[in-house]
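# Observations on chain architecture
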Amino acid sequence: MITDTHTHLYSNQFDKDRETMMERAKEAGISRFFIPAIDSSYTQRMLDLEEKYPYDVYLMMGLHPTSVKDNYLDELAHVREWIDKKDFYAIGEIGIDLYWDKSFLTQQQEAFRTQIQWAKEKKLPIVIHCRDAFDEIFEVLETEKSNDLYGIFHCFTGTKEQAEKAISYNMKLGIGGVATFKNGKIDKFLHEIDLQHIVLETDAPYLAPTPYRGKRNESAYITNVIEKLVDIYGISFKEIAEITTQNSKAVFGT
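Below, the structure is looked at part by part.

### Digging into the overall build of the protein
A tally of helices and strands in the protein yields eight helices and eight strands. Relative to its length of 254 residues, the protein is compact, with a C-alpha radius of gyration of 17 Å against a globular reference of 18 Å. Principal axes of the C-alpha set define a box for the protein whose edges measure 45 × 40 × 30 Å. By residue count, 57% of the 254 residues in the protein fall in the buried class. Split by element, the accessible area of the protein, about 11300 Å² in all, is 47% carbon and sulfur. Positive and negative side-chain charges of the protein, numbering 30 and 41 respectively, have mean locations separated by a distance of 3 Å.

See the structure below:
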């Protein structure tokens, strides 16, 4: 059993072949798909996906940092409304992204902190999006750290020191296609991080692993990530799949 802890299966990039894409993933052994939210414009697509694949997909709810704009309070109200009326498996993806636009940093920090507090209230994990913002993310986590703060540092691309710091806040590291890139860098130190701290993800349709880099990613390609981890950790494909799935169950509670 393989778990993709982060995949945007509702993306319109899959609209023409979603069923065959899902079949490929299931044939490859992936049976659990955790679906992060972005903003209110995607909520119905997520619900439709859950209705179509009720035994395979597990929904999160949250406001993605790149969707924190002038209307972010309305978007946060949308998140709050949904977590109060429906069960989700995590608050995510949430965080700070300073790659495209730094002008909403203060609002991103506020949205991140607010959603962390909601996750604690609902006893849910968080799934963190971080881009060009490790210091800013850690600053918020430091003020919110507690036994009931836990989750996944999605698409981890930092240094060994940043990995250890993320783990110190009860975060697993979401490892995907970047681990297979020649310039991905994380493959140089991952062997020093115990596998108990690792979960697998694709971030499909983004960040396709080698040899598909630059093309549309899909959940079936998570097997390429596992093969890379086999090289890094020196244990079998089956063991990587089992351990990382157990790790995902520890986070999501299912």
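Moving on from the coordinates now.
### Topic: the nonpolar core
Membership of the largest hydrophobic core comes to 76 residues, with the highest contact counts inside it found for Ile126, Leu141, Phe153, Leu173 and Ile175. Looking at this core element by element, the count peaks at six residues for helix α7 (residues 222–233). Beyond its immediate sequence surroundings of up to four residues, Phe153 is in contact with Ile128, Cys130, Phe134, Ile137, Phe138, Leu141, Ala166, Met171, Lys172, Leu173 and Gly174. Within the second largest apolar cluster, nine residues are counted, among which are Ala90, Val127, Val251 and Phe252.

### Points about the packing of aromatic side chains
Using the criterion set out here, one finds 13 aromatic pairs in the structure. Taken together, a centroid distance of 6.3 Å and an interplanar angle of 85° make the contact between Phe34 and Tyr89 edge-to-face. Of this pair, Phe34 sits in strand β2 (residues 30–35) while Tyr89 sits in the loop between α3 (72–85) and β4 (91–97), placing them 55 residues apart in sequence. Plain terms: the ring middles of Tyr99 and Trp100 are 4.7 Å apart, the flat faces sit at 90° to each other, and that makes the pair edge-to-face. Judged by relative accessible area, Tyr99 falls into the partly exposed class, the value being 40%. On the accessibility criterion, Trp100 (66% relative accessible area) is exposed. Among the aromatic residues, ring-to-ring pairing joins Phe134, Phe138, Phe153, Phe156 and Tyr169 into one connected group. Of note, Arg32 hangs over the ring of Tyr58, and the distance from its end group to the ring centre comes to 5.7 Å. Here the guanidinium or amino end of Arg213 rests over the ring plane of Phe181, the centre of that ring lying 3.7 Å away.

### Observations concerning the sheet that holds strand β3 (residues 57–59)
With parallel pairing, the three strands of this open sheet are ordered in space as β1-β2-β3. Sheet topology places β1 (2–4) and β3 at the edges, where each strand pairs with a single neighbour. Taking each pair of neighbouring strands and ignoring which way they run, the sheet shows an average axis angle of 20°. Sheet topology places β1 next to β2; three bridges connect them, and they run parallel. What sits directly across from Ile2, in β2, is Ile30. Contacts from helix α8 (residues 237–252) reach β1 and β2, with the element oriented near 50° to β1.

### Some words on the packing of α3 against helix α4 (residues 105–122)
Viewed as axis vectors pointing N to C, α3 and α4 meet at an angle of 10°, and their least axial separation amounts to 11 Å. The pairing of α3 with α4 is recorded here as roughly parallel in orientation. Contacts between α3 and α4 pair Tyr72, Leu73, Leu76, Val79, Arg80, Ile83 and Asp84 from the former with Gln107, Glu110, Ala111, Gln115, Trp118, Glu121 and Lys122 from the latter. Classifying every residue of the contact of α3 with α4 gives seven nonpolar, two polar and five charged.

### Quick notes on helix α2 (residues 43–52)
Within α2, the full set of buried residues consists of Thr43, Met46, Leu47 and Leu49. For α2, the buried positions fall inside an angular range of 160° around the axis, keeping them on one side. Looking at the packing, one finds that the buried side of α2 touches α1 (18–27), β2, β3 and α3.

### Notes on the pairing of strand β5 (residues 126–131)
Put simply, side chains in a regular strand alternate between the two faces of the sheet. Burial analysis of β5 places five of its six residues in the buried class, the great majority of the element. A crossover connection joins β4 to the parallel β5 through α4; in handedness this β-α-β unit is right-handed. Here β5 pairs with strand β6 (residues 151–153) via three bridges, running parallel. From the neighbouring strand, Ile128 faces β6, where its bridge partner is Phe153.

What counts and what doesn't
- Residues numbered from 1 in each chain as written.
- Predicted model: local features only at pLDDT ≥ 70, side-chain atom pairs only at ≥ 80, totals over all residues.
- Heavy atoms only, no water.
- Helix = DSSP H or I, 4+ residues; strand = E, 2+ residues; numbered from the N terminus.
- Rg over C-alpha atoms; globule rule 2.2 N^0.38 Å.
- Buried < 20%, exposed > 50% of the residue type's maximum accessible area, 1.4 Å probe, protein only.
- Areas by Shrake-Rupley, 256 points an atom, 1.4 Å probe, with all protein chains shown as cover.
- Lys, Arg positive; Asp, Glu negative; His and termini not counted.
- Charge placed at Lys NZ, Arg CZ, Asp CG, Glu CD.
- Core = buried A, V, L, I, M, F, W, Y, C linked by side-chain atoms within 4.5 Å.
- Contact = heavy atoms within 4.5 Å.
- Phe/Tyr/Trp six-rings, centres within 6.5 Å; stacked < 30°, edge-to-face > 60°.
- Lys NZ or Arg CZ within 6 Å of the ring centre and 35° of its normal.
- Pairing = 2+ DSSP bridges.
- Axes fitted to C-alpha atoms, helices over the stretch in contact; angles between N-to-C directions.
- Parallel < 35°, antiparallel > 145°, perpendicular 65-115°, else oblique.
- Nonpolar A, V, L, I, M, F, W, Y, C, P; charged D, E, K, R; others polar.
- Arc of directions from axis to C-beta.
- Right-handed = clockwise from strand over helix to strand, strands pointing away.

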